[in-house]
Amino acid sequence: MKGPCNVFFIVLSLLTLFSLKGFSSHPPLGSNKNGKARPNILIITVDDLTYNSVGAFGCKIPGITPNIDALARRGMRFTRGFINTAVCQPSRQAMLTGLYPHNNGSEGLEPMSIDAVTLPEKLKKAGYTNGVLGKEIHYQPMEKFQWDYIPFFTEKDSTWRKGSGRIPSLFYDYAMTFFKMSQKNNEPFFLVANSQDPHRPFAGTEEDLQSFGYNPLGQTRQFQPDAVDVPAFLPDIPDVRKEMAQYYSTVYRADLSIGAILKALSESGMADNTLIVFMSDNGSAFPYGKSQCYYNSNRTPLIVAWPGVVKPGTVDSTHAVSGIDLMPTILEAVQLPQETNLDGKSYLPILLGKKQKNKNHVYTTYYQIFAKIRYPMRSVLNDRFSYIYNFWADGKTSMTGDATGGLTWKAMLAAAKTDAAIAERVNFYKYRTPEELYDYKNDPDALHNLIDDPAYKKEVKKLRKKMLKLMIQYKDPAHEAYRDRNKKDVISNFMKQQKEKAKNTGKNVLF
């Protein structure tokens, strides 16, 4: 009887041990399929930041982004990272749905479709505590995002419209509060932390002071016009340089907010099990930047850091990845099932140091500005060239939007009266042409449209074909108009439909 008795107690002891560890046929919430705790997820975004305004991505202004640069040294920096639609809400909702705006329902600044599944929804069901800091109005309808913590929107002592999304100290306080909430819940966290900088109004302007009710320069470092660089896609004239200095003061303030978030994470003791993704939602709000389909519109300073998984200080210049790839990447990283209808594809293999096929082209889109005016554009980029099709460019319609509301555009208009080169740039920005082709290897600022150059005829033909293929692949409703663009009245009829659509989508804009 001694043997069976010992066996009985051994079995009983094992069952008790498994019970204490939560043994079951399914892993507990907050853990992966192996029962191991899932990583925390921290997504950090900045608002209207051109990719090369960051030191780690080529900015030559000393000390402009020390916190972002430090994060780049801790992880992987992508030189071919892109967002898919260069305006705030469509860009952000594409990141958290893995779908192009025409597939998630948020082409303008309206709530997305209730049918689209969001990354926060998936993570909430898996046992995550979800939080958002800043820009929460751009994740709509809010019930689809399952936020447990939205302080910039709810805290009465710091109303979000008074600049809370631009104050580094508040990012530290709220981030730390959220991390403690996650620890109290005994759950991994998912936090989307969004700086409202360097969106207009820029630091140091009277509008910044009036709009946000505090001393903006007390939160940042003020750059002087002679200490900054003017990007080649803008003319280097005094008022442009003045506004660029204000922009860089705002970039520096954004970096301070990022540093505050990372400081709170480090002090929380959870940094070692946290996957961090940093990116901008689109390029800066200057002509040929935001709300377009250029390199300076869609390229983003993408950094991914994950201790013990992503090798520190690495650079990937081989693969092209984009905003719609974020959701499937996070889902694979935490070992959750993928949604079957996603437009994006996980780039986790790249983070693990592997090669990945079918990551050479990126398809980008644009639909509608805040003023409910449609400027439909589509672009396909490969490792060298970008082909753009402007459905709206009929020689009469004039481009407007955020980029034409600042000091830079006014200065360009004034200079155009006496400077033929600037006049040409102003005219091209306003009216464009249906097709554009750029050699980004030699012309990253898109100064020379090669569409009619006979030397690039084969490249144009190849990219036109690729464009249509991607439009069909991503179920873009504009694909038939693009396919039949040379037939009479096809584009004009398409634009009439777009104008009617703008009226309807505009009814649901929430601010």
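Caption draft 1: Main features of the overall build of the chain. Counting secondary structure elements, the chain contains 17 helices and 13 strands. Looking at the chain as a whole, 58% of its 511 residues qualify as buried. Considering only contacts within the chain whose residues lie at least 6 apart along the sequence, 70% involve residues at least 24 apart. About 22,000 Å² of surface is accessible on the chain, with carbon and sulfur atoms providing 53% of the total.

Caption draft 2: Just a positive patch on the surface, in detail. Side chains of Lys 457, Lys 461, Lys 465 and Lys 469 sit close together on the surface and give a patch of like positive charge. Inspection of the secondary structure assignment puts Lys 469 in helix α15 (residues 457-473). Given the relative accessible area of 54%, Lys 469 is considered exposed.

Caption draft 3: Looking closely at empty space enclosed by the protein. Under the counting rule described, the total for this entry stands at one cavity of 30 Å³ or more. By volume, the largest cavity amounts to about 30 Å³. Only β1 (40-46) and α3 (88-95) provide two or more residues apiece to the lining of the largest cavity.

Caption draft 4: Fine view of the sheet that holds strand β5 (residues 189-194). If you trace the seven strands from one edge of the open sheet to the other, you get β4-β5-β1-β6-β7-β2-β8, paired in mixed fashion. With one partner strand each, in any of the chains shown, β4 (129-133) and β8 (314-316) form the two edges of the open sheet. On average, adjacent strands in this sheet sit at an angle of 15° to one another, irrespective of strand direction. Set on the sheet, helix α7 (residues 168-185) makes contact with β4 and β5; between it and β4 the angle comes to about 175°. Strand contacts of helix α9 (residues 238-268): β1, β5 and β6 (274-280), with the helix running at about 170° to β1, the strand carrying the most contacts.

Caption draft 5: Structural context of the pairing of β6. Within β6, seven of the seven residues are buried, which leaves the element mostly enclosed by the surrounding structure. When β6 meets strand β7 (residues 302-305), the two strands line up antiparallel, connected through three bridges. Paired with Ile 276 across the two strands is Ala 305, which belongs to β7.

Caption draft 6: Local environment of the nonpolar core. Formed by 110 residues in total, the largest nonpolar core has its most connected members in Leu 42, Tyr 248 and Phe 391. When residues in this core are grouped by element, the largest group, 14 residues, is from α9.

Caption draft 7: Spotlight on the side chain of Lys 122. Positionally, Lys 122 belongs in helix α5 (residues 119-125). Given a relative accessible area of 16%, Lys 122 falls into the buried group. When sequence neighbours within four positions are dropped, the list of residues in contact with Lys 122 reads Val 117, Met 327, Leu 331, Leu 336, Pro 337, Gln 338 and Glu 339.

Caption draft 8: Representation of the sheet that holds strand β11 (residues 374-381). Taking strand neighbours across the sheet as the criterion, the four strands line up as β10-β11-β12-β13 in an open arrangement whose pairing is antiparallel. Among the strands making up the open sheet, the edge pair consists of β10 (362-368) and β13 (435-439). Within the sheet, the average angular offset between the axes of one strand and its neighbour, ignoring direction, is 15°. Both β11 and strand β12 (residues 385-390) contribute to a ladder of five bridges, which runs antiparallel.

Cut-offs used in this document
- Residues numbered from 1 in each chain as written.
- Predicted model: local features only at pLDDT ≥ 70, side-chain atom pairs only at ≥ 80, totals over all residues.
- Heavy atoms only, no water.
- Helix = DSSP H or I, 4+ residues; strand = E, 2+ residues; numbered from the N terminus.
- Buried < 20%, exposed > 50% of the residue type's maximum accessible area, 1.4 Å probe, protein only.
- Contact = heavy atoms within 4.5 Å.
- Areas by Shrake-Rupley, 256 points an atom, 1.4 Å probe, with all protein chains shown as cover.
- Patch = residues over 30% accessible without salt bridge, like charges linked within 9 Å, V, L, I, M, F, W, Y side chains within 5 Å.
- Salt bridge = Lys/Arg side-chain N within 4 Å of Asp/Glu carboxyl O.
- Lys, Arg positive; Asp, Glu negative; His and termini not counted.
- Charge placed at Lys NZ, Arg CZ, Asp CG, Glu CD.
- 1 Å grid on protein atoms, 1.4 Å probe; cavity = no way out; pocket = protein on both sides within 12 Å on 5 of 7 lines; lining within 4 Å.
- Points joined across faces, edges and corners; volume = space filled by probe spheres on them.
- Pairing = 2+ DSSP bridges.
- Axes fitted to C-alpha atoms, helices over the stretch in contact; angles between N-to-C directions.
- Core = buried A, V, L, I, M, F, W, Y, C linked by side-chain atoms within 4.5 Å.

Distances and angles like these do not, on their own, reveal function.
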